[in-house]
Amino acid sequence: MPGTGTSLRRRGRLPAAAACAIAALLAAACQGGSPAGAGESPKASDQLLIRPANGSSGVNPGSGLTVTAAHGKITSVQVADAGGPTSGTLNAGGTSWHSTWALGVSQHYTVTARAVTSSGQTVTGSSTFTTLTPGRTATTMIFEGSRQTYGVGMPIMLTFSHPVVDKTAVERALQLRTSNPVVGAWSWDGSTSLNFRPRSYWPPDTVVSFTGHLDGVQEAPGVYGAHTLTQSFTIGSSLIVVASTSSHYMRLYRDGQLIDRWPISTGRPGDNTPNGTYLTIDKGNPVDMVGPGYNIEVPWSVRFTWTGDYLHDAYWSVGEQGSVNVSHGCVNMPPADAQAYYNMEVPGDPVTVTGSPRAGAWDNGWTEWFLPWPRYVAGSALHMAVEAGPSGSTFVNPSALPAATATAPLGQPDPNNWAAS
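Draft legend 1. Structural view of the sheet that holds strand β16 (residues 218-220). Pairing in this open sheet of three strands is mixed, and the strands run β8-β17-β16 from one edge to the other. Looking at the sheet topology across the chains shown, the edges are occupied by β8 (136-138) and β16. For this sheet, the mean angle separating the axes of adjacent strands, direction not counted, is 45°. Both β8 and strand β17 (residues 223-225) contribute to a ladder of three bridges, which runs parallel. Each bridged residue has a counterpart across the sheet, and for threonine 137 the counterpart in β17 is tyrosine 224.

Put into structure tokens, the structure is as follows:
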């Protein structure tokens, strides 16, 4: 079942370096103190500008929160709201602070800011305001399940309850943390589906943490996100299949090493198994398969297309496996081999079919790897790549990235892998 993530907090987390900076500001605020010089203290309204202004209501949450010091430097910004802490960043000069993500909808905020003027005096300003309550809200679901394990080809898959118009605002609200460095991109497939795919296959044993700071993001005119979506999952070992319809053998790679070469039988003429680099979707033992002239319970079956192509035990065609194609489109395997593969497989393991006269069809399965990297990143509304690591993620110009070093079939698929042979 798709995972819906968790929504424990409406605000995001700062990157580690930014968090330390804000902690330092808060510490300075606690030390506080009296003005350094004699004379009348300056008015806070002349020194600190907080937007939204005090008493504002129906505030657009996408505008965020800004604090500006007119003649000095900001020492602390504290934001109280029911949704949890609001993160933000201070500019290099210490004169401006802005919230990192959109504010939450239907929220009451109290902001307290402090600054030290150029003459050494401390001033404090505050603002209390409420954000709008939208007439319509949207929800977002993530396919990945909490703490589940997936293959090295697995995309992060988001589905939106309402067609997204402002796709750039949605992409900017998404953050990744990965235990290993990863380069990838977000790419849209229509207006309700957004996926993330690495440029090359995920590094094995990578822990992925996703946060969608979508609360307060206006996804379409009058339609706002109303929750923060979080999920963590793991990329497991590398398990890669390359099945040749012309040689009638499949190669199985585990953690970068060829571990087996098994005889197979793929789709017969007219029912040819389509070329392409697919991902395993689900499996069953057995799966009830129904077609022209057959209705059979098939053991050790792993699906890789929506139209019913599986790698599976075909005890009835062992004699043809390794020499001729006789299936209705599936990859027939010897019973012991099918069981061994079934027991190793997790969703998202790459399966590349080669040598077929039939081309693969986009969206017939998880076909993100049909697209070479330049075409995939072109599907981003920002036209930007993403660099992710333990401290978070940033958008980068794809042209600024170093050249990829991964090679087919273990690091990435061949370009145009779906085309007919």
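Draft legend 2. The arrangement of unusual backbone geometry in detail. Cis geometry marks the peptide bond from arginine 51 to proline 52; its omega dihedral reads 10°. In this chain, alanine 408 is followed by proline 409 through a cis amide linkage whose omega measures 0°. Along the chain, proline 409 falls in the segment after β31 (392-396). The backbone of asparagine 416 sits at a positive phi, close to 55°, despite the residue not being glycine. Exposure remark for asparagine 416: the relative accessible area of 44% places this residue in the partly exposed category.

Draft legend 3. The arrangement of the nonpolar core in detail. Counting 37 residues, the largest nonpolar core has Ile156, Leu158 and Trp186 as its most contacted members. In terms of nonpolar packing, the next biggest core, distinct from the first, is built from 20 residues, Leu239, Tyr278, Trp300 and Phe304 among them.

Draft legend 4. Up close: the layout of surface pockets. Empty space within the largest pocket amounts to approximately 410 Å³. What lines the largest pocket is a set of 18 residues, among which Met289, Tyr294, His328, Gly329 and Cys330 lie closest to the centre. Here the lining of the largest pocket gets three residues from one element, more than from any other, and that element is strand β25 (residues 294-298). For the lining of the largest pocket, the per-class residue count stands at eight nonpolar, seven polar and three charged.

Draft legend 5. Highlighting the environment of aspartate 414. Within the fold, aspartate 414 resides in the segment after β31. As for aspartate 414 and phenylalanine 370, which are separated by 44 residues in sequence, their C-alpha atoms are 9.0 Å apart.

Reading guide: rules and limits
- Residues numbered from 1 in each chain as written.
- Predicted model: local features only at pLDDT ≥ 70, side-chain atom pairs only at ≥ 80, totals over all residues.
- Heavy atoms only, no water.
- Pairing = 2+ DSSP bridges.
- Helix = DSSP H or I, 4+ residues; strand = E, 2+ residues; numbered from the N terminus.
- Axes fitted to C-alpha atoms, helices over the stretch in contact; angles between N-to-C directions.
- Buried < 20%, exposed > 50% of the residue type's maximum accessible area, 1.4 Å probe, protein only.
- Core = buried A, V, L, I, M, F, W, Y, C linked by side-chain atoms within 4.5 Å.
- 1 Å grid on protein atoms, 1.4 Å probe; cavity = no way out; pocket = protein on both sides within 12 Å on 5 of 7 lines; lining within 4 Å.
- Points joined across faces, edges and corners; volume = space filled by probe spheres on them.
- Nonpolar A, V, L, I, M, F, W, Y, C, P; charged D, E, K, R; others polar.

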